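# A closer look at the structure
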Amino acid sequence: MAGGGAHSMFIDFLRRLARNRLAVAGGAVVLFFFILSAVPQVFSGHDPNRIDVLKVLQPPSAGHPLGTDELGRDVLARMAYGARISLKVGFVAVGIATCIGLLVGLFSGFYGGLADAVLMRFVDIMLCFPTFFLILAVIAFLEPSIYIIMIVIGVTGWMGVSRLVRAETLSLKERDFVAAARAQGAGDARIIFRHILPNTLAPVLVAATLGVAGAILTESALSFLGIGVQPPTPSWGNILTAGKDNIEFAWWLSVYPGLAILLTVLGYNLLGEGIRDAVDPRLRGR
Amino acid sequence: MLRYIGRRLLLTIPLLVGISLLSFLAIHMAPGGPISVAADLNPKATAEYRERMVRYYGLDQPIHVQYGRWLGRMATLDFGESFAPDGRQVSEKIRERIPVTLTINILSMGLIFLVAIPLGIYSAVRKDSWFDRISTVTVFTGFAVPTFWLALLLMILFGVKLGWLPISGLVSLEHDSLSLAGKAWDRARHLVLPVLLAGFGGLAGMSRYMRSNMLEVIRQDYIAAAKAKGLVERQVVFRHAMRNALLPVITILGLSVPDLLGGAVIFETIFAIPGMGQLFYQGVMSRDVPLIMGILVIGAFLTLIGNLLADVGYALADPRIRAG
């Protein structure tokens, strides 16, 4: 794990990633939505929450490129600010899931024995409940807010990562470099976090990238059902709810937010697949 | 084979206990415990009602006795009375909704089978052809499409613009006055969009999965041997390669149960279909605790059954599993 080696490995990784056209396209989409959520005012001069009763449900025009919604608010502005919410939920939820998954997986794989058996049975049991059911059941008892949504998606989504990390840890802990670290007097914590953890990060990064896509889809579905991000806070999902209510006269309310979700999710999926191929060519085509 | 099934059944017992424990904890972790949730949310929470709830949940008993009772009720699928104004048994409500959800899901699994498998096989056999490329792009897009959005688009197109298909419910208003054939046609028309959407996510996944299985199998020596002895391509593909590539698909079908159930909540709500998913959504919106817990547990049971069928089906198809 010398510094220079890691550095050139990273350059190598970037080079391989850049050669993958689909991954670059995915990355570009991801980047675009990042910029959109960072500076939404550049993309639309309108206030996303300004209600204008004289301009209710107007089709796309020069003034409102993506039309207006049932309260006369500019759809482009709401989508630009909604991007911020969707990305925030996606990233925080996956952050939570990844942290839990990493800790459980490392602990379980490294110590084995009873703790491992108990934790992995717990994972089996969690996986018996349909995730979407679990999320809805938890939300039923809490006031839905963007923070609750993040936490709930995160807390119900770590099982895959923990299995992945456990499997990696099981094989890593038998390697010579772990024995070498042990011989130098390193304690368990140091071995786990300095020697094993960095080597599990590549597959975790892939899982996390794909996870962001999944979390954004889940959030938009929840918001669409009215139990996710609550209006007036804009989110792609809750704009679509208005689209459903006005399905007979305002197609633009349904088409554009869905397109944004589709592109974002596609972007993260392509990027994730690209990262997987670039970190480990052996996994290609799986 | 029987021994294998027996062993496999034994393995589900700890999972069943786990499901019961976790759901028991969930009820008791709800803020203020089951009684306070019930009292806060239910307008008819009179003193007498509270009394009944205490007795029902056995809250005057020690915790292990409470758990024992919960276990007993789970075994008999007795989840108590719904908080909804009708106050009917949760198990009864679920029982009348399950057939609808299962029918739609089984039909959509059939659709997945019929479309995804030929698609995957053809893509693999003609790898890197235009067909393969287009289907790969389509599949990737398919993974990313939010199903509820696709539902909206199809509703706009077929329901509103073209007026070809109904967009809500299972039958038309005038269903009762139709002839037998008319009734069947009416039902079929109502099922087209829901079945298509329920299967859509699986369609993309399954065709991708079939493609990579097929690619894996085609590389094997026995395929080269089959080709070398002069068999025509059709025979190599269908008689030799496809059979082995199909094996893991059995597993995937069994494992897709939780996703299908989760998806049911979304499409049943959109299309106003009276299935278990819609019932669950209504339960969540009205915080009907017994109903939520009941469906959660039933959902977990169905997932377990799916896993079990996947394993048994795989063992039936592949003798190596039984021996191992």
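Numbering of residues starts from 1 in every chain and runs along the sequence as written. As a convention, the first chain written is A and the first ligand written is 1, with the rest following in written order. Local features in a predicted model are, by the rule used here, given only for residues with pLDDT of at least 70; side-chain atom pairs are given and counted only at 80 or more, and totals for whole chains, interfaces and linings are based on all residues. Values reported for side chains reflect all heavy atoms of the structure, with hydrogen atoms and water molecules removed beforehand.

This part is about the overall build of chain B. Each helix is a run of DSSP H or I of at least 4 residues and each strand a run of E of at least 2, with the numbering of both proceeding from the N terminus. Of regular secondary structure, chain B possesses 14 helices and zero strands. Buried means the residue's accessible area, taken with a 1.4 Å probe over protein chains only, is under 20% of the maximum for its type, while exposed means over 50%, and partly exposed covers the values in between. Taken across its 324 residues, chain B has 48% of its residues classed as buried. Contacts are assigned to residue pairs with any non-hydrogen atoms lying within 4.5 Å of each other. Contacts spanning at least 24 positions in sequence make up 69% of the contacts within chain B whose residues lie at least 6 apart. The Shrake-Rupley method, run with a 1.4 Å probe, gives the accessible areas here. Residue values count only the displayed protein chains as cover. Surface exposure of chain B reaches about 16,200 Å², of which carbon and sulfur atoms provide 65%.

A few words on the interface of chain B and chain A. How big an interface is tends to be stated in terms of accessible area lost as the parts join. Contacts between chain B and chain A engage 42 residues on the former and 40 residues on the latter. Defined in terms of a 1.4 Å probe, buried area is the accessible area two parts forfeit on being brought together, summed over both. Between chain B and chain A lies a buried interface of about 3,800 Å² when both sides are counted; carbon and sulfur atoms form 85% of it. A pair is scored as a salt bridge if a Lys or Arg side-chain nitrogen falls within 4 Å of a carboxyl oxygen belonging to Asp or Glu. Our count for the contact surface shared by chain B and chain A stands at zero salt bridges. A 3.5 Å cut-off defines polar contacts: any pair of N or O atoms within that distance qualifies, except that in protein one atom must be a possible hydrogen donor and the other a possible acceptor, and neighbouring residues in sequence count only when both atoms are side-chain atoms. For the pair chain B and chain A, the number of links is five residue pairs in polar contact (both at pLDDT 80 or more). Considered class by class, the residues forming the side of chain B that touches chain A number 34 nonpolar, seven polar and one charged. In this count, Pro and Cys sit with the nonpolar residues alongside Ala, Val, Leu, Ile, Met, Phe, Trp and Tyr, while Asp, Glu, Lys and Arg are called charged and the others, Gly among them, polar.

All names here are of chain A. Take R78: it is sitting in helix 4 (residues 75-111). For R78, the side chain forms a polar contact with the main-chain oxygen of P48, separated by 2.8 Å. For R78, the side chain forms a polar contact with the side chain of N49, separated by 3.1 Å. Among residues more than four places away in sequence, those in contact with R78 are P48, N49, D69, R73, P232, T233, P234 and I239.

In this section: the packing of aromatic side chains. Pairing of aromatic side chains here covers Phe, Tyr and the six-membered ring of Trp, requires ring centres within 6.5 Å, and sorts the geometry by plane angle: under 30 degrees stacked, over 60 edge-to-face, intermediate tilted. By the definition in use, this model includes 17 aromatic pairs over all chains. Measuring from ring centre to ring centre gives 5.2 Å for F32(A) and F33(A), while their planes differ by 75°; the resulting arrangement is edge-to-face. On the basis of relative accessible area, F33(A) is assigned to the buried category, the value being 6%. Among the aromatic residues, those joined into a cluster by ring pairs are F32(A), F33(A) and W236(A). Positioned over the ring face of W130(B) is R133(B), at 5.7 Å from the centre of the ring. Either the NZ atom of lysine or the CZ atom of arginine qualifies as a charge over a ring when it sits within 6 Å of the ring centre and within 35 degrees of the ring normal.

Turning our eyes to something else, we now look at helix 12 (residues 251-279) of chain A. Its 29 residues place the ends of helix 12 of chain A 42 Å apart at the C-alpha level, agreeing with the 42 Å of an ideal helix rising 1.5 Å per residue. Counting buried residues along helix 12 of chain A, 21 of its 29 residues qualify, which places the element largely inside the surrounding structure. Expected span of a helix: the number of residues minus one, times 1.5 Å.

How sure the predictor is of each residue is captured by pLDDT, a score from 0 to 100. Considering every residue of chain B, the mean pLDDT works out to 82; 90% of them sit at 70 or more. The complex model carries a pTM of 0.86, and its ipTM stands at 0.83.

What follows is about the packing of helix 2 (residues 21-38) of chain A against helix 4 of chain A. Residue and element names in this part refer to chain A. Between helix 2 and helix 4, whose axes approach to 7 Å, the crossing angle comes to 115°. Like other packed secondary-structure pairs, helix 2 and helix 4 cross with a definite hand, here left-handed. Residue-level contacts link F33, F34, L36, S37 and A38 of helix 2 to A80, A83, R84, L87 and F91 of helix 4. Here the contact of helix 2 with helix 4 is composed, by residue class, of eight nonpolar, one polar and one charged. To obtain an axis, a line is fitted to C-alpha atoms, over the contacting stretch when the element is a helix, and the angle between two such axes runs from 0 to 180 degrees between their N-to-C directions. Take the far helix as your reference; a near helix turned counterclockwise from it by less than a right angle gives a left-handed crossing, and one turned clockwise gives a right-handed crossing.

The next thing to look at is empty space enclosed by the protein. Residues and elements named next belong to chain B. The rule is simple: put a 1 Å grid over the protein atoms alone, call a set of points where a 1.4 Å probe fits but cannot get out a cavity, call an open set with protein on both sides within 12 Å along at least five of seven lines a pocket, and count a residue as lining if it has an atom within 4 Å of a point. Grid points are joined across faces, edges and corners, and a volume is the space filled by probe spheres set on the points. This model, assessed by the stated rule, comprises three cavities of 30 Å³ or more. Around the largest cavity, the lining residues are L119, G120, S123, D132, S135, T136, V139, S207, R208 and R211. Among the secondary structure elements, those contributing two or more residues to the lining of the largest cavity are helix 5 (90-125), helix 6 (130-144) and helix 8 (180-218). Residue contributions to the lining of the largest cavity peak at four residues, all from helix 6. Of the residues in the lining of the largest cavity, the class split is two nonpolar, five polar and three charged.

A complete count under the given rule lists 16 salt bridges over all chains for this structure. Put simply, R73(A) and E70(A) hold a salt bridge, and the shortest N to O gap is 3.9 Å. One salt bridge connects R8(B) with D311(B), and the closest N-O pair in it is separated by 2.4 Å. Placement of the pair is R8(B) in helix 1 (residues 2-29) and D311(B) in helix 13 (residues 289-317), with a sequence separation of 303 residues. A single network of salt bridges, built from pairs that share partners, joins D69(A), E70(A), R73(A) and R78(A).

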